[in-house]
Amino acid sequence: QVHLVESGGGLVQSGRSLRLSCEGSGSIAFRFYLMAWYRQAPGKQRELVAWISPSPRATNYADSVKGRFSIFIEDAKNTMYLQMNNLTVEDTAMYYCNRIGDPLWAWGQGTQVNVSS
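Keep in mind that what you see is a predicted model, and the values were worked out from it rather than measured.

(A) Main features of the pairing of strand S5 (residues 47-52). The sheet contact formed by strand S4 (residues 35-40) and S5 spans five bridges and is antiparallel. Bridge pairing in S5 places Trp37 opposite Ala50. Summarising the sheet, S5 and strand S6 (residues 59-61) pair through three bridges and their orientation is antiparallel. Across the sheet, the residue bridging to Ala50 is Tyr61, located in S6.

Set out below in structure tokens:
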């Protein structure tokens, strides 16, 4: 059983930064999986924001966050991060981490990011 715990969200003003964390428990190591951050804004479907592959750790980003967000994994802590810079009100959403693949792991509770103008 994989448990994902997201943290680091909060309320910030537009233009500021936040770093989200995703910790995994159970018998999995993030470094072996295609890992991703997702987000879901009110009234919208969950969308893929950023993802990182196993070695060589290639990263990709949704066009809406490219150049502002950065995804990385700290192997020693089995923790994945999402560094979010120059936040905009359009980034307001609940953020989740998970793998990309079938089946997905059980979703965590997410971490809420609210960006004010």
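(B) Quick peek at the packing of aromatic side chains. This structure, assessed with the given rule, holds five aromatic pairs. For the pair Phe30 and Trp105, a centre-to-centre distance of 6.5 Å together with 25 degrees between the ring planes defines the contact as stacked. With Phe30 in the loop between strand S3 (18-25) and S4 and Trp105 in the loop between strand S9 (93-99) and strand S10 (111-116), this residue pair connects regions lying 75 residues apart in the sequence. Their ring planes at 80 degrees and their centres at 5.8 Å tell us that Tyr96 and Trp107 sit as a pair that is edge-to-face. Pair noted here: Tyr96 is in strand S9 and Trp107 is in the loop between S9 and S10, with a separation of 11 residues, a long-range link. Given a relative accessible area of 11%, Tyr96 falls into the buried group. Take Trp107: its relative accessible area is 31%, and that puts it in the partly exposed class. Residue placement shows Arg19 over the ring face of Tyr81; its charged tip is 5.9 Å from the ring centre. Looking at Arg46, its charged tip hangs above the ring of Trp107, at a distance of 3.8 Å from the centre.

(C) Examining the sheet that holds strand S2 (residues 10-13) more closely. One open sheet holds the six strands; their spatial order is S2-S10-S9-S4-S5-S6, and the pairing between them is mixed. Unpaired on one side and paired on the other, S2 and S6 mark the two borders of the sheet. This sheet shows a mean twist of 25 degrees between the axes of neighbouring strands, independent of strand direction. Where S2 meets S10, four bridges bridge the pair, whose relative direction is parallel. Of the residues in S10, the one forming a bridge with Leu11 is Asn114.

(D) Region of interest: the environment of Gly67. Checked against the element boundaries, Gly67 lands in the loop between S6 and strand S7 (69-74). Classification of Gly67 as exposed rests on a relative accessible area of 80%. Each C-alpha atom of the pair Gly67 and Thr111 lies 22 Å from the other, and the pair is 44 residues apart in sequence.

Rules behind the numbers
Residues numbered from 1 in each chain as written. Predicted model: local features only at pLDDT ≥ 70, side-chain atom pairs only at ≥ 80, totals over all residues. Heavy atoms only, no water. Pairing = 2+ DSSP bridges. Helix = DSSP H or I, 4+ residues; strand = E, 2+ residues; numbered from the N terminus. Phe/Tyr/Trp six-rings, centres within 6.5 Å; stacked < 30°, edge-to-face > 60°. Buried < 20%, exposed > 50% of the residue type's maximum accessible area, 1.4 Å probe, protein only. Lys NZ or Arg CZ within 6 Å of the ring centre and 35° of its normal. Axes fitted to C-alpha atoms, helices over the stretch in contact; angles between N-to-C directions.

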